[in-house]
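What follows is the residue order along each chain.
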Amino acid sequence: QVQLVESGGGLMQPGGSLRLSCVASGSIFDRNFMGWYRRAPGKEREFVAHIRTDGITTYADSVKGRFTISRDNAKNTVDLQMNSLKPEDTAVYYCNWRSVVVGGEGYWGKGTLITVAS
């Protein structure tokens, strides 16, 4: 019941910055987490960061101090500002929406590719 559309993927050199955005639509009136997961080549999908409706954030240890997640509840959007990018950040990044009340896996975007290489 929630549709997610990602934007902002692309190529960046190590040390550079990129911003990902995601817009949610549909049945999105509950308290929720919006966040990002990624799947690197040859690896399983992993958690990156999420932010609750009230602004509480959680980050994976691998991105703390480099990535910043934010949201605009009026626009139903979530952004991920990625600074000091490393080659190991190369992955397909997926937007996720999950109800605080219902829990479970929630809903997924189709993903956008980030490649960090010189």
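Note that the structure is predicted; figures quoted are calculated from it, not measured.

1. Details of the overall build of the chain
A count of helices and strands for the chain gives zero helices and eleven strands. Mapped in sequence order, the helices and strands of the chain form the string β-β-β-β-β-β-β-β-β-β-β. Taken over C-alpha atoms, the radius of gyration comes to 14 Å for the chain, in line with the 13 Å a tight globule of 118 residues would show. For the chain, the C-alpha atoms occupy an extent of roughly 40 × 25 × 25 Å along the three principal directions. The buried share among the 118 residues of the chain stands at 41%.

2. Some remarks on the pattern of salt bridges
Under the defined criterion, the tally for this structure stands at seven salt bridges. For D54, the salt bridge identified is with R52, shortest N-O distance 2.6 Å. Owing to a relative accessible area of 25%, R52 belongs among the partly exposed residues under this scheme. Measuring nitrogen to oxygen at the nearest pair gives 2.8 Å for the salt bridge that ties R66 to D89. Of this pair, R66 sits in the loop between β6 (57–59) and β7 (67–72) while D89 sits in the loop between β8 (77–82) and β9 (91–99), and the two are 23 residues apart along the sequence.

3. With respect to the packing of aromatic side chains
By convention here, two paired aromatic rings are described through the distance between centres and the angle between planes. Tallying each qualifying case throughout the model produces three aromatic pairs. Residues Y37 and F47 carry aromatic rings whose centres are separated by 5.5 Å and whose planes lie at 75° to one another, so their mutual orientation is edge-to-face. Here F47 lies in strand β5 (residues 46–52) and Y37 lies in strand β4 (residues 32–39), a separation of ten residues in the sequence. Each ring, one from Y37 and one from W108, has its centre 5.0 Å from the other, and the planes form 75°; the classification is edge-to-face. Of this pair, Y37 sits in strand β4 while W108 sits in strand β10 (residues 107–108), placing them 71 residues apart in sequence. Through successive ring pairs, a cluster of aromatic residues spans Y37, F47 and W108. The residue whose ring lies beneath R45 is W108, and the NZ or CZ to ring-centre distance is 3.7 Å.

4. Thoughts on the sheet that holds strand β3 (residues 18–26)
If you walk across this open sheet you meet the four strands as β1-β3-β8-β7, and the pairing is antiparallel. Of all strands in the sheet, those with a lone pairing partner are β1 (2–7) and β7, marking the two edges. The average angle at which neighbouring strand axes cross in this sheet is 15°, direction not considered. With six bridges connecting them, β1 and β3 associate as antiparallel partners. The partner of Q3 across the bridge, within β3, is S25.

5. Some words on the nonpolar core
Among the nonpolar cores identified, the biggest contains 27 residues, and W36, L80, M82 and Y93 are the most heavily contacted of them. Mapped by element, the contributors of at least two residues to this core are β1, β3, β4, β5, β7, β8, β9 and β11 (112–116). Excluding residues within four positions of it along the chain, L80 makes contact with L18, R19, L20, W36, V48, A49, F67, T68, I69 and Y93.

Scoring rules and cut-offs
Residues numbered from 1 in each chain as written. Predicted model: local features only at pLDDT ≥ 70, side-chain atom pairs only at ≥ 80, totals over all residues. Heavy atoms only, no water. Helix = DSSP H or I, 4+ residues; strand = E, 2+ residues; numbered from the N terminus. Rg over C-alpha atoms; globule rule 2.2 N^0.38 Å. Buried < 20%, exposed > 50% of the residue type's maximum accessible area, 1.4 Å probe, protein only. Salt bridge = Lys/Arg side-chain N within 4 Å of Asp/Glu carboxyl O. Phe/Tyr/Trp six-rings, centres within 6.5 Å; stacked < 30°, edge-to-face > 60°. Lys NZ or Arg CZ within 6 Å of the ring centre and 35° of its normal. Pairing = 2+ DSSP bridges. Axes fitted to C-alpha atoms, helices over the stretch in contact; angles between N-to-C directions. Core = buried A, V, L, I, M, F, W, Y, C linked by side-chain atoms within 4.5 Å. Contact = heavy atoms within 4.5 Å.

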